Amino acid sequence: MTDNDFSREDTIGGVTRRQVLRGALGSGAVLSAGALLAACGSSGNSSSSSASSSAGSGASSGPIKAGGAISVGATGGGAKDTIDAHLPTADPDIMRCWNLYEPLAVRPPDFGPLQMMVAESLEPEHGKANSWIVKLRPGVEFHNGKTVAPEDVIFSLQRILDPKNPKVGAASIGYIDIKNIKKVSSSEIRIPLKIANATFPDDIGQYFNAIVPVGYDPAKPVGTGAFMYGSFTPGQQSVFKKFPNYWQSGKPYADQLTIIDFTDDTARVNALLGGQVLAVDNLPSGQIAQVQGTSGLKVLISQTGEWQPFTMRVDQAPFSDARVRQAMRLIVNRPQMVEQVLSGQGRIANDMYSPFDPAYDSSLPQRHQDVEQAKSLLKQAGHSGLAVQLTTAPVFQGIVQAAEVFAQQASAAGVTVKLQKLDSGTFYGSNYLKWTLAQDFWATREYLPQVAQGSLPSSPFNECHWADPTFIKYINEARATLDQTKRNEILRQAETIEYNSGGYIIPYFSNQIDAYSDKLTGFVEAKSGFPLGNYWFKNVGFKA
Amino acid sequence: MTTFLLRRVLLGLLTLFLVSIVVFAATQALPGNAAVAILGRNATPARVAALSRQLHLDRSVVSQYTHWLGGIVSGNLGTSAATQQPVSHLISARILNSAFLVIVSAIIAVPLSIALGVWMAVRRDKPADHILSTTTLALASLPDFVIGLALALLLATNVAHVFPAVSIVPPGEHAWNVPKAVVLPALTLIIAVTPYISRIMRASMIEVLESEYVTMARLKGLPNRTVIWRHAVPNAIVPAIQVSALQLAYMAGGVVLVEYVFSFPGIGAQLVDSVGNRDIPVVQALAIIIAAVYVVVNLVADLLTIVVTPRLRTAGR
């Protein structure tokens, strides 16, 4: 959905776009020691959270009984809905993918160590980060009864990286040396890379890099997920049935899962209030109180690593001067922004991303609004009375409001921020990734995979045109370093450069808010930012 | 009469042709194309190029239009850019759902509002008339989606749980097989159009009731019922027919918002979606269909007007 000439559309555009981000740019997280351990088959310790300690609320637990049909309201969707394992874009697509298909490995809802799915392990070959061995979990079956074989993995990766029709995952695993990928044994595959990358498991461990059987046809979708295809009508609903031979025994609990599209937020919430669906994702923060006040309904709030930065082009005046960038970062009143833009549903950030990464440097001082300092920096840079244009569009919920609040806060520092409000179609048009000062939104991701997406000259979404040579040197060094402690030390140096002179203003991390009927249980908070606990309805069922 | 009909049909076709050009031009003016719209955030140059080729967006605007027009003339609505399915396949079920919603609403709303208008006129300046006049005026000034949301609040979510808050029609089913799903959207449309028709009917009825031939009929001692329904109503109804036609035509387009509020699987939701997707073949098809409803409904209203007006009926004979 892109256009938004109607105001109602804005919400749709926004939410869909948000989901797009999750889909497309999701490229996991730096593999922590714990993750490597888990990857090797031992039980991993819990990964990471250095930035935030407090949890969200509203998770449910308790005995679950088998059986029953679950219906869920998904955000957005329309004629271009897809059930293709490798092309999820809108929220309902993503929900379908998480339930029908599985990748080799994936981050669980708590964003802990990478959880092995179709793979049993994912290890560097000969202790080098430029070639990896995938060992398949024995006996994982596709919905058509066939057992997953190395050929299926090779076919899936070739399909994702097809140069004529690159899929969503191509942006994050494009460095795979696809021509030399080989079956090593009846259960092992060697994946050579064109670069060394210690965090390769996180790049490939994304829900949209699902393993599908050789000859996969999206018209008859087959995967290894806990639910199997029943029916699919774009823009309306999909019905999935329990996959009885799912590899995780005892799951799923429910016999049937129905995903219903809702283009309108109010309709989605009304369907929950009226009992037509048992869960909805992306509850608007304005409706938390109403849902909480309704008996039989629960609100699920998850603290995530999702961020919505302002992006300053470091190669264009006035932001080519690092002092101007610092001044802009000092202008922001972060707590006020969380309050006014997110209705309090978020926590302040420090112009750095990937808060759950063990490499996240929480020792760097929290930046606070400092108008005097900002004014003096601007004066030194010869930009007193600075006037800039901020390009904004309803591409994610709250973004346009954030721009408005920012403009207001800037005027207090004598900086004029003129808003250029576009519809999302224009925003993503020919000037996309070229705006001097604009906004963006990103999913929870660990540091190196995020850098690959947005902070290198080779990144597909480098909106700040960030190309600091020292930074690049550190990143390349870290990528080749398999030892996590050493790697994190290098990464902290890279982070410090971004903290001191990067092009992002990151005011906050936003919460994920969902809601469900208390007839159901098994929902967990999702630091990952994927609603309703990674949409994993295999973990959800009716209360016993 | 035949000449009149023929001329109107030809004019109607010309209107539809012009509408198709305007809609096509308007969709071209929208920034971005279907490829960018479908990819959105993932609109990296490589993927945009691949998809544009696949969707034939690399052809010229004129060639895209003539290709589409050629298809229409031979009864082919083209292929949807977003789904790669035939447009006719994509929209047929939704057209039937929307048509059912509009027709049900009209069948209830038109007679109801005419009766209401007559009743108000007969009770002119009595409390009942004042209350109804004020109520209809207030309702007429409310946007459709406000009425829809208020109904959902009252009858589906907060106050009472009588009807479903959203219209979930399982794919493959038609709306008439799920009557519950139609209740709230239909009620919204009825409440939205009734005020206009009933107020026009009241005004025109009052005028007729004051005319000399009605006084004459009353003086002849005809029963009140006969005076109203045999003498007054047939003469007062012409403006109501015209305004009913306008309201019906309005419903065909206004159904968009109502469907949106209730997630009703009709053309409204699809139109909004297609504009967002820059799915020009679908937008064109739906715009033409809505325009055709306008043309046909107005034509039918004019014919009805002629039928109920002896002066016009006999003219030209």
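Bear in mind that the values here come from a model prediction, so they are computed numbers and not experimental data.

Asker: Any chance you could explain the overall build of chain B here in plain terms?
Answerer: Of the regular secondary structure elements, chain B holds 13 helices and zero strands. Ordering the α and β elements of chain B from the N terminus gives α-α-α-α-α-α-α-α-α-α-α-α-α. Its C-alpha atoms put chain B at 85 × 60 × 30 Å along the principal axes. When the 317 residues of chain B are sorted by exposure, 42% land in the buried category. Of the contacts formed within chain B by residues at least 6 apart in sequence, a portion of 71% connects residues at least 24 apart.

Asker: Hey, could you run me through the overall build of chain A in this one?
Answerer: In terms of regular secondary structure, chain A is built from 17 helices and 22 strands. Within chain A, the proportion of its 544 residues that are buried is 62%.

Asker: What is the right way to look at the environment of Val-227 of chain B in this model?
Answerer: All names here are of chain B. Mapped onto the elements of the fold, Val-227 is located in helix α10 (residues 224-262). It is 35 Å that separates the C-alpha atoms of Val-227 and Leu-142, two residues lying 85 residues apart in sequence. Other than its neighbours up to four places away in sequence, Val-227 contacts Val-214, Ala-217, Arg-218, Leu-222 and Ala-232.

Asker: Please clarify how the sheet that holds strand β18 (residues 437-439) of chain A should be interpreted in this entry.
Answerer: Backbone hydrogen bonds hold the strands of a sheet together, and the pairing may be parallel or antiparallel. All names here are of chain A. Overall, antiparallel pairing links the three strands, which are arranged β18-β14-β19 in an open sheet. If you trace the sheet from one side to the other, it starts and ends with β18 and β19 (504-505), each paired once. The pairing of strand β14 (residues 310-312) with β19 spans two bridges and is antiparallel. In the sheet register, Phe-310 faces β19, and the bridge partner there is Ile-505.

Asker: I tried to follow helix α11 (residues 371-380) of chain A on my own but got confused; where do I start?
Answerer: In an α-helix, one turn spans 3.6 residues, which is why side chains three or four residues apart end up on the same side. All names here are of chain A. Among all positions in α11, only Ala-374, Leu-377 and Leu-378 are buried. Buried positions in α11, seen along its axis, are confined to an arc of 100° and lie on one side of it. Where α11 is buried, its residues meet α9 (322-331). One or two steps after α11, the chain reaches Gly-382, where phi turns positive at roughly 75°.

Asker: Explain the sheet that holds strand β8 (residues 188-192) of chain A to me, please; I cannot follow it from the model alone.
Answerer: All names here are of chain A. The antiparallel open sheet is built from four strands, whose spatial order is β5-β6-β8-β7. The open sheet has two edge strands, β5 (119-124) and β7 (182-185), and neither has a second partner. If you compare each strand with its neighbour and ignore which way they point, the axes differ by 25° on average. Sheet topology places β5 next to strand β6 (residues 131-136); five bridges connect them, and they run antiparallel. Along β6, the bridge assignment pairs Glu-123 with Ile-133. Contacts between helix α4 (residues 150-160) and the sheet are confined to β6, β7 and β8, with β8 contributing the most and set at about 30° to the helix.

Conventions and cut-offs
- Residues numbered from 1 in each chain as written.
- Chains lettered and ligands numbered in written order.
- Predicted model: local features only at pLDDT ≥ 70, side-chain atom pairs only at ≥ 80, totals over all residues.
- Helix = DSSP H or I, 4+ residues; strand = E, 2+ residues; numbered from the N terminus.
- Buried ≥ 20, exposed ≤ 12 C-beta atoms within 10 Å, placed from the backbone.
- Contact = placed C-beta atoms within 7 Å.
- Pairing = 2+ DSSP bridges.
- Arc of directions from axis to C-beta.
- Axes fitted to C-alpha atoms, helices over the stretch in contact; angles between N-to-C directions.

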